[in-house]
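One letter stands for each residue in the lines below.
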Amino acid sequence: MTTGASEGENPSEAEEVRPPATAVVIGGGTMGAGIAQVLAQSGVAVTVAESSPEAAEAALARIIEGLRRAHRTYDDPEAAAAAVGERLSVGTERPPGPVDLVVEAVPEIMNLKMPLLAELSRQYTGCLLGSNTSSLSITEMAQVVERPERFCGLHFFNPVPRSELIEIVTGEHTGDDTVAAAVAWAGRLSKTPIVVRDSPGFATSRLGLALGLEAIRMLESAVASADDIDRAMTLGYKHPIGPLALTDLVGLDVRLGIAEYLASTLGERFEPPQLLRDMVAAGKLGKKTGEGFHRWDS
Ligand SMILES: NC(=O)c1ccc[n+]([C@@H]2O[C@H](COP(=O)([O-])OP(=O)(O)OC[C@H]3O[C@@H](n4cnc5c(N)ncnc54)[C@H](O)[C@@H]3O)[C@@H](O)[C@H]2O)c1
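Residues numbered from 1 in each chain as written. Predicted model: local features only at pLDDT ≥ 70, side-chain atom pairs only at ≥ 80, totals over all residues. Heavy atoms only, no water.

As a further point, take the overall build of the protein. Assigned secondary structure in the protein consists of twelve helices and eight strands. Relative to the compact-globule value of 19 Å for 298 residues, the protein shows a C-alpha radius of gyration of 20 Å, a close match. Each of the three principal axes of the protein carries a C-alpha extent, and together these read 60 × 50 × 35 Å. Relative to all contacts within the protein whose residues are 6 or more apart in sequence, the contacts with residues 24 or more apart total 66%. Of the side chains in the protein, 26 bear a positive and 40 a negative charge, and the two mean positions are spaced by 4 Å. (Helix = DSSP H or I, 4+ residues; strand = E, 2+ residues; numbered from the N terminus. Rg over C-alpha atoms; globule rule 2.2 N^0.38 Å. Contact = heavy atoms within 4.5 Å. Lys, Arg positive; Asp, Glu negative; His and termini not counted. Charge placed at Lys NZ, Arg CZ, Asp CG, Glu CD.)

In terms of domains, the protein is made up of domain 1 (7-197) and domain 2 (204-288). The partner domain 2 presents five residues to the ten residues of domain 1 that form the contact. The contact between domain 1 and domain 2 buries some 510 Å² in all, and 53% of this surface belongs to carbon and sulfur atoms. Three residues, S134, S135 and E167, lead the burial of domain 1 against domain 2; their summed loss comes to 58% of the area buried on that side. Linking domain 1 to domain 2 there are zero salt bridges. Taken together, the connections running from domain 1 to domain 2 amount to two residue pairs in polar contact (both at pLDDT 80 or more). Of the residues belonging to the side of domain 1 that touches domain 2, the class tally is four nonpolar, five polar and one charged. (Domains from an automatic or database assignment. Buried area = accessible area lost by both parts, 1.4 Å probe. Salt bridge = Lys/Arg side-chain N within 4 Å of Asp/Glu carboxyl O. Polar contact = N/O pair within 3.5 Å; in protein donor to acceptor, adjacent residues only side chain to side chain. Nonpolar A, V, L, I, M, F, W, Y, C, P; charged D, E, K, R; others polar.)

Another point: the pattern of salt bridges. Inspection of the entire model under this criterion finds 13 salt bridges. For R69, the salt bridge is made with E65, and the minimal N-O distance between the two is 3.4 Å. Residue R69 and its partner E65 are both found in helix 3 (residues 53-70); the two are separated by four residues, about one turn of the helix. Note on E65: relative accessible area 35%, which makes it partly exposed. When the shortest N-O distance is used, the salt bridge between E108 and K113 registers 3.8 Å. Given the relative accessible area of 30%, E108 is considered partly exposed. (Buried < 20%, exposed > 50% of the residue type's maximum accessible area, 1.4 Å probe, protein only.)

We now examine the sheet that holds strand 7 (residues 165-170). The strand order across the open sheet built from eight strands is 3-2-1-4-5-6-7-8, with neighbouring strands paired in mixed fashion. In this open sheet, the two edge strands, each paired with only one partner strand, are strand 3 (88-91) and strand 8 (192-197). When the angles between neighbouring strand axes are averaged without regard to direction, this sheet yields 25 degrees. Together, strand 1 (22-26), strand 4 (101-104), strand 5 (128-131) and strand 6 (151-156) form the strand contacts of helix 5 (residues 110-123), whose direction differs from that of strand 4 by roughly 170 degrees. (Pairing = 2+ DSSP bridges. Axes fitted to C-alpha atoms, helices over the stretch in contact; angles between N-to-C directions.)

This brings us to the site of the ligand. The full set close to the ligand counts 20 residues, and M31, E50, E108, K113 and S134 are the nearest of them. Note that an oxygen atom of the ligand is positioned 2.8 Å from one of the backbone N or O atoms of M31. Take K113: an N or O atom from its side chain is 2.7 Å from an oxygen atom of the ligand. For the ligand, the protein covers 79% of the area, taking 840 Å² as the surface of the free molecule. Contributions of two or more residues to the shell around the ligand are made by helix 2 (30-41) and strand 6. Its residues assigned to classes, the shell around the ligand comprises eight nonpolar, nine polar and three charged. (Near = heavy atom within 4 Å. Areas by Shrake-Rupley, 256 points an atom, 1.4 Å probe, with all protein chains shown as cover.)

Attention now moves to the nonpolar core. Burial of nonpolar side chains together is a common tendency in soluble globular proteins. Among the nonpolar cores identified, the biggest contains 32 residues, and I35, L39, V46, L88, L101, L154 and F156 are the most heavily contacted of them. The dominant element in this core, judged by the number of residues it contributes, is helix 2, at seven residues. (Core = buried A, V, L, I, M, F, W, Y, C linked by side-chain atoms within 4.5 Å.)

Right, let's talk about the environment of R62 for a bit. Counting through the fold element by element, R62 comes out in helix 3. Along the sequence, R62 and G34 sit 28 residues apart, while their C-alpha atoms lie 8.2 Å from each other. Sequence-distant contacts of R62, defined by excluding residues within four places in its chain, comprise G28, G29, T30 and A33.

In this section: helix 4 (residues 77-85). Regarding helix 4, the residues found buried are A80, A81, V84 and G85. Along helix 4, the residues classed as buried sweep out an arc of 140 degrees about the axis, all on the same side. On its buried face, helix 4 is in contact with helix 2, helix 3 and strand 3. (Arc of directions from axis to C-beta.)

Right, dumping it as structure tokens:
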């Protein structure tokens, strides 16, 4: 996969007057790989910047797998995936810019995100800068960002190619133009945006976690089995997935981190149940380790 795809090969694209939009995704893990994939599928030239050659290689493998999956019903899935891949570049270097969009998707650690966002805002001055954080304060991050009016939360959902929602999180300094640009990017990626004021857990993580933690407490006090607690929501309330299975998909460690943060900001109703702490300590992190509240065979 390289940058600088030849747009001229496709007649309909050749008629486009505007040059292709450009984006940089920082971090090509679970989320960054998916974000890069949907950007490339939407005709955007994307560079993914990773922290090491090994991480870049793993990111590339994730994106290729995502593209194969997205194109598996095509007559020639490999060719279709390769055509999109032409718009993608994965490595350890950030492109010089200018670019139209920068998405930060590194781990949920404030001390990691803040210096990186400060650098990004100095390097890419004229573009929309978004963080894919699922819970951290956009206003706090904006303190180190050069032009905070151009910065907002761009919260994609997992798996990115199949999730319709983007939660746009507005910090105290986020400008109206930036919100409009973020809404336009959501449309370009065929996602539906919601606009949420910066507050702990935003709308999605806060509501999702409230249900998830209560389900864990119910399991802890043997109200029902994990399967039946999940069925209560899938069959009874038409949720597409039960709260315990969802916790397994997100990662128990990830949810524990968010719960601790929400407990410290919103109060003890988000205090993590002991069962969640015990399972994380035992390495039962959900799908990624093969076991969480359910067993996940490959
Ligand atoms: N996993 C989810 O379901 C989910 C959903 C929505 C939002 N999020 C948020 O998305 C962000 C990323 O989560 P993830 O699950 O993709 O994490 P992940 O651990 O899968 O990926 C993070 C990637 O960032 C890379 N990285 C670390 N430091 C870097 C640096 N300085 N420069 C470039 N790359 C660097 C790592 O090598 C890794 O590949 C977090 O803020 C998380 O809260 C996650």
